[in-house]
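Coordinate analysis (summary)
If you want the building blocks of each chain, they are given just below.
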Amino acid sequence: MILAMVKGETNPEVLAELAQRKLRGKIPELRAALDGRLNDHYRFVLRQHWELLEMLEKQIQEQEKEIEKRLPPMEWAMQLLMMAPGIKRIAATILGEIGVDRNAFLTARHLTTWAGVCPGSNERAGKSRSRRNPRGNRFIKKIMVQVAWAVAQTKNIYGRALYQRVSGHRGKGRAIRAVAP
């Protein structure tokens, strides 16, 4: 529809008929929404945004090709990572952030601390204080939380049981942070 508007189409009937998938059921609403003024200035702005979108998609494809070229030495690590639930699609991103050197993180706790998904523990004289999570690496933290959501929806694994147990009394956000490490 946007490409047709950039090319000069202004008839809302024609534009609404270009709808695909779920939008096909909303054609009357689309006709009403597309009925308006689209002058040359707005067409110019739409064309600029469309070209920017195409350029970004081309760059993403080039980056994916480059990643595929550089992955073969890390194929064994990818296979290990992809065995875990929720990691299949983002294994390359995880490897890109943490690397394949096993000496960088002595234990899983070291990795979760570096990523910032472990709970902070500040205890003095038997009293617990601040339990905020440390800042950590924001990119790997987002990835670990995304994986935790996938784990929380996978049946018959410990992560789901942990999520359900914690979310009942602490809330969904804290439960996901508990599953993430």
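Whatever comes next refers back to the structure up there.
So, here is what we can say about the structure in this document. All figures in this text were calculated on a predicted structure; none of them were measured in a lab. (Residues numbered from 1 in each chain as written. Predicted model: local features only at pLDDT ≥ 70, side-chain atom pairs only at ≥ 80, totals over all residues. Heavy atoms only, no water.)

**As for the nonpolar core**
In globular proteins that are soluble, nonpolar side chains generally tend to be buried together. In terms of nonpolar packing, the biggest core is built from 27 residues, with Ile94 and Met144 touching the most fellow members. Tallying contributions element by element places helix α8 (residues 138-152) first for this core, with 7 residues. In contact with Ile94, other than residues within four places in its own chain, are Leu81, Ile87, Gly99, Ile140 and Ile143. Among the nonpolar cores identified, the runner-up in size contains 8 residues, and Met5, Leu15, Ala19 and Leu30 belong to it. (Core = buried A, V, L, I, M, F, W, Y, C linked by side-chain atoms within 4.5 Å. Buried < 20%, exposed > 50% of the residue type's maximum accessible area, 1.4 Å probe, protein only. Helix = DSSP H or I, 4+ residues; strand = E, 2+ residues; numbered from the N terminus. Contact = heavy atoms within 4.5 Å.)

**Digging into the pattern of salt bridges**
A full pass over the atoms with the stated rule returns 5 salt bridges. Notably, a salt bridge pairs Glu17 with Arg24, separated by 3.5 Å at the nearest N-O pair. By relative accessible area, which is 41% here, Glu17 ends up partly exposed. In this structure, the salt-bridge partner of Glu66 is Lys69, at a minimum N-O distance of 3.4 Å. Here Glu66 and its partner Lys69 are both found in helix α4 (residues 40-70), 3 residues apart, which amounts to about one turn of the helix. Three or more residues joined by partner-sharing salt bridges are found here, namely Glu13, Glu17, Arg24 and Arg31. (Salt bridge = Lys/Arg side-chain N within 4 Å of Asp/Glu carboxyl O.)

Read these as geometric descriptors, not functional statements.
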